[in-house]
Structure formats: C-alpha cells, structure tokens
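Chain by chain, the residues run as shown.
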Amino acid sequence: MSKPDLAAKLEILADAAKYDASCASSGTTKRDARSGGIGSTTGAGICHSYTPDGRCVSLLKVLLTNYCVYDCLYCINRASSGVRRARFTPEEVVQLTLDFYRRNYIEGLFLSSGIIRSPDYTMEQVVRVARTLRVEHQFRGYIHLKTIPEASPELIEQAGRWADRISINVELPTPADLAQLAPEKNLARIDQSMQVIQARIAQGKAERAESPRAPAFAPAGQSTQMIVGATPSPDADVLARADQLYRQRKLKRVYYSAFSPIPDASRHLPLLAPPLVREHRLYQADWLLRFYGFSVGELTTPAAPDLRLDVDPKMAWALRHREHFPVDLNLAPRELLLRVPGLGVRNVDRILRVRRWHRLRLDDLLRLRVPMKKALPFVAVADHTPHRLEAAGALRLLAPPADQLDLFAPAPASVRSGEL
Amino acid sequence: MEQITFAPTFAGWQRAARRALARGIAPEAVAWEELGDDQPSLGIFGEEADDSGVDVSAFRVPRSFVALAESVACHRDPRRWGLLYRALWRLTHGEPRLLDLAVDPDVHALEAMEKAVRREVHKMRAFVRFRAVAHEGAEWHVAWFEPEHHIVERNAPFFRDRFAGMRWSILTPDRCAHWDGEHLSITAGVPRSEAPSADAVEGLWRTYYGNIFNPARVKTRAMRKEMPKRYWKNLPETAIIPALLARAPVRVERMIAASDAQVVRPEEWELARPPAGADWDALRDAAHSCRACPLWHDATQTVFGEGPRPAGLMLLGEQPGDQEDRAGHAFVGPAGKLLDAALAEAGIERGGAYLTNVVKHFKWEPRGKRRMHRTPGEREARACRPWLEAELRIVQPRVVVCLGATAATAAFGPGVRVARDRGEFRPSPLAPHTLVTWHPSALLRAPDPDTQARQRAEFVADLRAALRRREETRAA
C-alpha cells in the first residue's frame, strides 16, 4: 500500500476528529512570546474561522492516528469500521501546528488519538507532541490533550504539565449506555481518572497561589463530551450526569454532540438526522444550570424527562410555573430576573444598574434589545402589565414549527429497525 | 457655533475636548472638524496644540469613560466626537452616573459603537492571515486586512506579543503595522496589490477546513453570523465553502449508503432460496445465479465454500476479497496466504477443513483504480444466510471457527467482540463447538509489528485448539 502524503493524512485524521465538539481556547493563564518562543493566550479564546456546519475553528483538531483497538459502536474509528486509516508522526503534528499558528490560522492544538498497542504507548506519543511544542519550540499557544482513562498516572501528570486543558470523554450518560455501545469503556474508571485529574488541578492551583513560578497543571481545567441521541437515554439522564460532573468533578465544560451518521456506521445505531435542536436545548439547559441558578430537577419532570424542542428550557419552566409571573423588572431580585424568559445574564445586570436611577419602561427594554415577544407576557414595567388573555395570545405566537431539519425524511422507520 | 479642528485620534480629541470643557462650551455649540491625513501639520500621533493654561482639574470623569472613549474613537462614524463630548459634558454637569444608564440614548449609542469596535478588534485577531515571503534574505510574514474601524494601532501590540519571534507586517488601506523583531512601527495605508497573493501552507489549511466540517449538520446562518461575508475575500479557506455546501447532501447520502443500516429499495432484498434437497454441487451451481442482495451486480462471481464433506472442522470467513472474486475460490489472496501459513503452523492441512464465507459475493467500492473491500452489513449477511445453512447441513461440522467479527456475529449475534470473546468454545446455531478468533486480514492491518505478532500467536493457538477439539469430539 502506498504511504499517504501529509495532505492525505491530514484529510483522514481531521475528518476523524470532527465528531469532537470542543474547540474552546479560553480560560487559561496569560502568556506571550515577548521573552522568546511563539504564541500567546489572553484568557479569551479566538475563533479563527467558521465552517458551514456553524462550528468555529479555533484549534487544529486532529487525531494522531485513527487506528484503534477499541470497538465503540458510535465511533467512526472503531476497530471494526472500514474507514481509511492513517497515522501522523509526532513531528508531523508539531510542524503542522507551528505552520498553521505562524499564519494565524489557529490558537493552538487539540490532539486526540485512537488507541494503538496500549493506552500507555498511545498516551506517550500524544504527550510527546505537546512536550516537543512546549520545550523545543517554546510554543505558548493553547494545547488541549485528550487523555486516555487507562493511561498511567505519570503520563497523565505529564499531559497536565504541558497542556492547558485535558479531557476525557464520558461519551454516554449512563453505565448501561456504555455497556451497550462501548464495551471496552468503563464509567467507573473514567470517573476515577477524572477524580485524579481534579485533585491534581486543585493542587496545581494551590501551588501557584503560593508561588506564581510553580508549574501549572492544566490551567484551563478539564472538560468532557457526551453523545446525544445514540441511545434512548432521556435529557434528564444527560443533565443529571452533566450536573454531577460540574459539581463533583469541577469540570469546566460539558459538551453535547448530537449523534450524526458516520461513514460505515454500525447497524446498531439509529439512522436519524442528528438531533441538532435537542443538542441546542441541552446547551441552553447547561447554561441555566451554571449561570442562572436552576437545578436539574427544575428542567425536566418525571412525566416529561426530555427537554421540550419547541420552546427553550427557561420558557418551558416559566410556562410550568406561571405563579411566579409577571415579574416586576423594577422590583424583583436578581434570582427572579434570571428566570424571566428572554433575559440573559448581561441584561439582568444592566437592568439592576439602570433601575437604581430610573424606572424601566417598555422603550428601555427595546433599547436593551430584550426579545419583546418572548419576555412581555412575563414582565411588568412602569407602563406595561401583561393581561391574562394577552399572555395566552403571545404564548401561542411563541410556538415555532415543531419539526427540525429533516435531512433523512425519506428513510422509513423500517430502515432503522433493520427489518427486511 | 464654534468649529473645533483636531486630529481625529483619541489623544487629539481629548486635548480639544479638555479645552472646550474648560471654556464652558456646551455640546450644542460645537462643530467637530477632523483634520485630514493630508494636512501637513499632523503626523499620525502628532499633536501641535498647546495645552498650557488649560485647567481641567475641576472636571472628574469615571475611568470607565476614558476606556469607553478610547475605544469609540476608533469607530469610523464621524458623529462619534460630538457624541463623546455630549457624554463628557453631561458627566461633568450633574449626571456623574450617566454611564450606568444603559437605556439612555447617548450611552446606548456609545456602547453600540464601543461594541462594534471591540468586535472588530476581535475579528482582526481572528481573521488576519499571514503569508510567508522572502524579504531581505529572511522570512517575513505579511497579511492583508480591511478593518471596518481604525483599529490597527490598537491591535498591533497583540500581534507583537504573539508573534514576537517572527518578522511581520499587517497591511490595510488605512494604516500598516510592522514588526521587525525589535520595533513596532505604523505606516500609512497601502493598496491590496502590495500584499502577497499566496502561501504554500494554504493548501493544507484548506484541506483541514474542508475535512473538519461535518456535512451532516449544515448551519450556514450560524457561520455567516460569526464570519460575515465581507471578511471572506481575504480568507484563504472560504473559497471552498460553495463546493463544501454543494457536496454536503451527496456526502451525507454516501455516509448513509455506506452504513450498514442503509436505505435500500425493499424489492432488491430477499432471502436466498437454495433448492430444497439439492446436493452440494447443485447448491453451488444455484448460488452462482443468486440475486438475493444487490452485491451480485458489482461482483465477478459467487465464491462458494470448498472442502471435504462432511468435515469435522469448518472455517468461516467474512466474504471473498478482490483476488477471491476474480479466481472464484475462497482464501486465495494475501489473507488466504497468511491463513495457509497459520494452518500449517497449527498442524492443519488445508484440505482437512471446509472453508467458506458468511457472504458469498465481494462487496467493494472503487478507490482510484482499486476495488476497496467494504465490510458486508447485516442485510447482506441475512440475505446470504440460507446458503450457509445449506452448507452446514451437508458439511455437518462439529467445530466451527469464526474468523473475524462478521462470522462471529453470524454465530453469536451482534453483542460479540472478537478482541474480548476470542479463544473460547461455545455452542452456537452453527455448531456445538464454535470458536471466535481473528480474521487473517485483521493481522495484515495491525497498526504495528508488536500487535501483529501478538495477534498472530493468538490466531495460531486458536487454530490449534480447534484442531484438538475436532479430534476430541471425533470419538463422541
């Protein structure tokens, strides 16, 4: 077989990496190249481009190799998949990262890998790329390394030493889901590794608080990804898992990736349009958990364990709890303002500042660009109090068409069941 | 009405505004007149006005206003100077809390300008694309950018700190920023033709861009919101967007077609119908005209099983490969050679076992000039199953060795994993003693020599165990 050239490898190994949603380059320590080397981080991430799928391109996101001994059914790189395979040398990834960085295409590197030979061997190769960039080339840009839960603690230690962020994907929300689709993965072991990383990040922070010269350990924290829609687990399970990861493991981010059809997909997976609306609702719910003071139990109910697709989760909550509304924007406390549909954190804080000097009116809301159709039924201001009937009318207007992008409409249900 | 002429920079306006404020000129009474670049008295930062004698100590403004004004000064809207002065006037004439009032029309307008500038600063950091050129014997990185606002000076330190080790220039129609490794300099704007038009790495970058895009989730509105079209002409990657979008539906279709759960016309699929009561030769002949699944269409011929009948041992593969398809015999290609060697090592003569495949036609897709093997799906396996069952009835094996995942699935269903379940005898619908092991082609595809050596050893050991089991069960 002829050896693929660099472009052919990049084609295969970028393609293999695109199912990872994360591309954040924010939240790390501030660095620059004034004292040598190349690269900087300012704390805020930069998206250098956007692809037609609406996702940003911030990092060079590639796999070191897409050979893999694991056989996780949702994964395009699983051992039994017929996908084309390729393998970068660590030096090739280093060179590609630097070439792209110098031209200002990227903020840095997000490196992941299929498991070859053994978890430790693979992790060692991944770490080598990061170490070469940091030590030999004094690279000060952003590095995100995907770590392998089974890798030895020494290698995870090194990964955290060179990377800004490290991540382990939990992939699926429940142990049963994992047993079904990823038999080689083990939720308990993943959690154990996350716990080790969590303790090490905390230790690194404490050391740096004492001496700013202490080496940082993954200063941008750890993140993870869950695939949505590959198993029947409802949003309640997904959010409960996310909430646990945020609270117990102090994760910086949980990414949700709508399961999308992959080439050579296993027959055990649903053949559906990727549930993009569901993914979007999960991100909204995730935000409500982290910044709006909502708890998991408030977002879904036992009777309806999935988020509504037709309205956003905050609106859904408001519709279930009309007793809290209307909220008087000139009087209500911050916690309650945050629960008003259409009001974001920024606008809530502006309202709090403005109302110390000025009674808010409808005109003011327009200037703050509050989405009026959404918010008006739920708020009272100096010259507006919602009327019951008006609220009912507005609510009817709020419902958008229920169907999402129907990419695979012609596929009948029987195709998915595999029945002849 | 008093006309105030000033250099259109924050510093220039600041001086002029201080003097106007000290003289108590109300905002309504001022007309702000920008000095052009061509007016000789001023350089870019140059200021000739004399500030002596102006006492502004009586006026206090919040620090946040200075930051706001510095940013708004970069905006292209000529009304910004008057707006800033009116805000300054109100702040110093009884409205010290003005900036808290986001709903005030002046504050609202200033904040909108500040936001536009901040966004453009950010977009410049994102969308500047350097091209490497040789200049005075060294590598120089040159970019062309068309900023919406006057942000080149404001943003230059960012690029200096990030690319301090490089030598670079950012050219724009307004101003150009240069870093020679030691000094940052600002010069007048240039036309686009001054900038280089290509870079060797851009091909790789476009390759990356085109492949990190997932065609199954097209959301162009989200893309255009964050990367408005006016930037596209200076971004090397956007040239391929139309092609990516045009090909997206086809690629998605191919993704689905390539999955096992493919969309098919039901009339193309049925179960194979072996003639009832036929002997082996009649079966093989009948199989040659099988049309139960569409694979016959692109395959050369049906490759039926071979070997002694009855036989105590059956080796079950996946499907014929490229060479098997041409030759009409099972296991004659590279994987077959490896199998032969392993069989010899295990002490099994090839003629001593019956060899066949789960699927009897070659499934492939063109890749260049080659016919690339594609793993058969559940549907092909199911359509072909009656042939296998007919073979089993005639061969009557006590031991079946499943080579690889497709054969293992035929025996034990979809839960089976070769890596986990190999090497163990279990009863299956195929035979009372069924063993799963590697497919020889998996050994050929092993990522590294160590893995290959380990898998090969396991493979031979499994074959040896199968031979032993055949002998043990012979008496019974």
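None of the values given here were measured: they were computed from a predicted structure.

Within chain B, the secondary structure is distributed over 16 helices and 14 strands. Taking all contacts inside chain B whose residues are at least 6 apart in sequence as the whole, residues at least 24 apart take part in 70%. Looking at chain B as shown, the accessible area adds up to about 21800 Å², and 52% of this sits on carbon and sulfur atoms.

Grouped together as the largest cluster of nonpolar side chains are 156 residues, with contacts concentrated most on A:Phe100, A:Tyr256, A:Leu329 and B:Tyr208. Among residues more than four places away in sequence, those in contact with A:Tyr256 are A:Ala21, A:Met226, A:Val228, A:Val238, A:Leu239, A:Ala242, A:Glu279, A:Leu282, A:Tyr283 and A:Asp286. Counting residues in each nonpolar core, the second largest holds 58 residues, with B:Leu315, B:Val359, B:Ala383 and B:Val416 among its members.

With that out of the way, let us pick up the pairing of strand S4 (residues 108–112) of chain A. Residue and element names in this part refer to chain A. Across the five residues of S4, five count as buried, placing the element largely inside the fold. Looking at chain direction, strand S3 (residues 59–63) and S4 are connected through five bridges and run parallel. Residue Lys-61 lies in a different strand from S4, and its bridge partner there is Phe-110. For the segment spanning S3, helix H2 (residues 90–102) and S4, crossover handedness is right-handed. Strand direction decides the pairing type here: S4 and strand S5 (residues 142–146), joined by four bridges, are parallel. Following the sheet pairing, Leu-109 is matched in S5 by Ile-143. Between S4 and its parallel partner S5, the chain crosses via helix H3 (residues 119–136), and the hand of that crossover is right-handed.

Turning next to the packing of aromatic side chains. Here the structure, examined in full by the defined rule, presents 27 aromatic pairs over all chains. Ring geometry for A:Phe325 against A:Phe378: centres 5.0 Å apart, planes inclined by 75°, an arrangement best described as edge-to-face. Taken as a pair, A:Phe325 in the loop between helix H10 (313–320) and strand S9 (327–328) and A:Phe378 in the loop between helix H14 (372–375) and strand S10 (379–380) lie far apart in primary sequence, 53 residues in all. Here the two residues A:Phe325 and A:Phe378 agree in accessibility, since each one is buried. Of the aromatic side chains, those joined through ring pairs into one cluster are A:Tyr101, A:Phe139, B:Phe130, B:Phe158, B:Phe159, B:Phe163 and B:Trp168. Over the face of the ring belonging to B:Trp280 we find B:Arg309, whose NZ or CZ atom lies 3.8 Å from the ring centre.

This part is about the environment of A:Gln248. Residues and elements named next belong to chain A. With respect to the secondary-structure elements, Gln-248 resides in helix H7 (residues 235–248). Judged by relative accessible area, which is 43%, Gln-248 ranks as partly exposed. Each C-alpha atom of the pair Gln-248 and Gln-195 lies 8.7 Å from the other, and the pair is 53 residues apart in sequence.

A word on the sheet that holds strand S7 (residues 184–188) of chain B. Residues and elements named next belong to chain B. Judged by pairing direction, the sheet is mixed, and its five strands sit side by side in the order S3-S4-S5-S6-S7 without closing on themselves. Bordering the open sheet on either side are strand S3 (130–135) and S7, each of which pairs with just one other strand. Each adjacent strand pair in this sheet contributes to an overall mean axis angle of 25°, direction not counted. Here strand S5 (residues 168–171) pairs with strand S6 (residues 175–179) via three bridges, running antiparallel. Across the sheet, Ile-170 pairs through a bridge with Ala-177, a residue of S6. Relative to S6, helix H5 (residues 152–162) is tilted by about 20°, and along the sheet it contacts S3, S5, S6 and S7.

How big an interface is tends to be stated in terms of the accessible area lost upon association of its parts. Counting residues at the interface gives 81 residues for chain B and 85 residues for chain A. The junction of chain B with chain A conceals about 7500 Å² of combined surface from both sides, 60% of it contributed by carbon and sulfur atoms. Viewed at the interface, chain A and chain B are joined by six salt bridges. Scanning the region where chain B abuts chain A turns up 24 residue pairs in polar contact (both at pLDDT 80 or more). Partitioned by chemical class, the residues of the side of chain B that touches chain A number 41 nonpolar, 14 polar and 26 charged.

Another aspect to go through is the packing of helix H2 (residues 63–72) of chain B against helix H3 (residues 80–92) of chain B. Residues and elements named next belong to chain B. The geometry of H2 relative to H3 is characterised by a closest axis approach of 10 Å and an angle of 170° between their N-to-C directions. Relative to H3, the element H2 lies roughly antiparallel. Of the residues in H3, those touching H2 at Phe-65, Ala-69 and Val-72 are Arg-80, Leu-84, Ala-87, Leu-88 and Leu-91. Looking at side-chain class alone, the contact of H2 with H3 contains seven nonpolar, no polar and one charged residues.

Moving on, we come to the confidence of the model for chain A. Per-residue confidence for chain A gives a mean pLDDT of 86, with 88% of residues at or over 70. Confidence over residues 400–420 of chain A falls short of pLDDT 50; this stretch has 33 contacts with residues more than four positions distant or in other chains.

Residues and elements named next belong to chain B. Counting across every chain of the model gives 64 salt bridges over all chains. Put simply, Asp-106 and Arg-86 hold a salt bridge, and the shortest N to O gap is 2.8 Å. Of the two residues, Asp-106 sits in helix H4 (residues 105–127) while Arg-86 sits in helix H3, which places them 20 residues apart along the sequence.

Locating B:Glu202 in the fold gives a position in helix H6 (residues 202–212). With sequence-adjacent residues up to four places away left out, B:Glu202 is seen in contact with A:Tyr105, B:Arg131 and B:Pro236.

What follows is about the confidence of the model for chain B. Across chain B, the average pLDDT comes to 88, with 92% of residues at 70 or higher. Counted against residues more than four places away or in other chains, residues 260–268 of chain B, with its pLDDT under 50, gives 25 contacts.

A few words on the sheet that holds strand S13 (residues 425–426) of chain B. All names here are of chain B. Read across the sheet, five strands follow the order S9-S8-S12-S14-S13 without closing on themselves; strand pairing throughout is mixed. With partners counted over all chains shown, the strands left at the sheet margins are strand S9 (354–357) and S13, one partner each. Two elements, strand S8 (residues 313–317) and strand S12 (residues 399–403), share four bridges in a ladder whose sense is parallel. Residue pairing across strands places Leu-313 opposite Val-399, the latter belonging to S12. On the sheet, helix H12 (residues 378–395) packs against S8, S9 and S12 and is oriented at approximately 170° with respect to S9.

Residue and element names in this part refer to chain B. Mapped onto the elements, His-178 comes out in strand S6. Given the relative accessible area of 18%, His-178 is considered buried. Polar contacts involving the side chain of His-178 include one to the side chain of Ser-169, which spans 2.9 Å. For His-178, the side chain forms a polar contact with the side chain of Thr-187, separated by 2.8 Å. Setting aside chain neighbours within four positions, we find His-178 in contact with Trp-168, Ser-169, Leu-171, His-183, Leu-184, Ser-185 and Thr-187.

How each quantity is defined
Residues numbered from 1 in each chain as written. Chains lettered and ligands numbered in written order. Predicted model: local features only at pLDDT ≥ 70, side-chain atom pairs only at ≥ 80, totals over all residues. Heavy atoms only, no water. Helix = DSSP H or I, 4+ residues; strand = E, 2+ residues; numbered from the N terminus. Contact = heavy atoms within 4.5 Å. Areas by Shrake-Rupley, 256 points an atom, 1.4 Å probe, with all protein chains shown as cover. Core = buried A, V, L, I, M, F, W, Y, C linked by side-chain atoms within 4.5 Å. Buried < 20%, exposed > 50% of the residue type's maximum accessible area, 1.4 Å probe, protein only. Pairing = 2+ DSSP bridges. Right-handed = clockwise from strand over helix to strand, strands pointing away. Phe/Tyr/Trp six-rings, centres within 6.5 Å; stacked < 30°, edge-to-face > 60°. Lys NZ or Arg CZ within 6 Å of the ring centre and 35° of its normal. Axes fitted to C-alpha atoms, helices over the stretch in contact; angles between N-to-C directions. Buried area = accessible area lost by both parts, 1.4 Å probe. Salt bridge = Lys/Arg side-chain N within 4 Å of Asp/Glu carboxyl O. Polar contact = N/O pair within 3.5 Å; in protein donor to acceptor, adjacent residues only side chain to side chain. Nonpolar A, V, L, I, M, F, W, Y, C, P; charged D, E, K, R; others polar. Parallel < 35°, antiparallel > 145°, perpendicular 65-115°, else oblique. pLDDT = per-residue confidence, 0-100.

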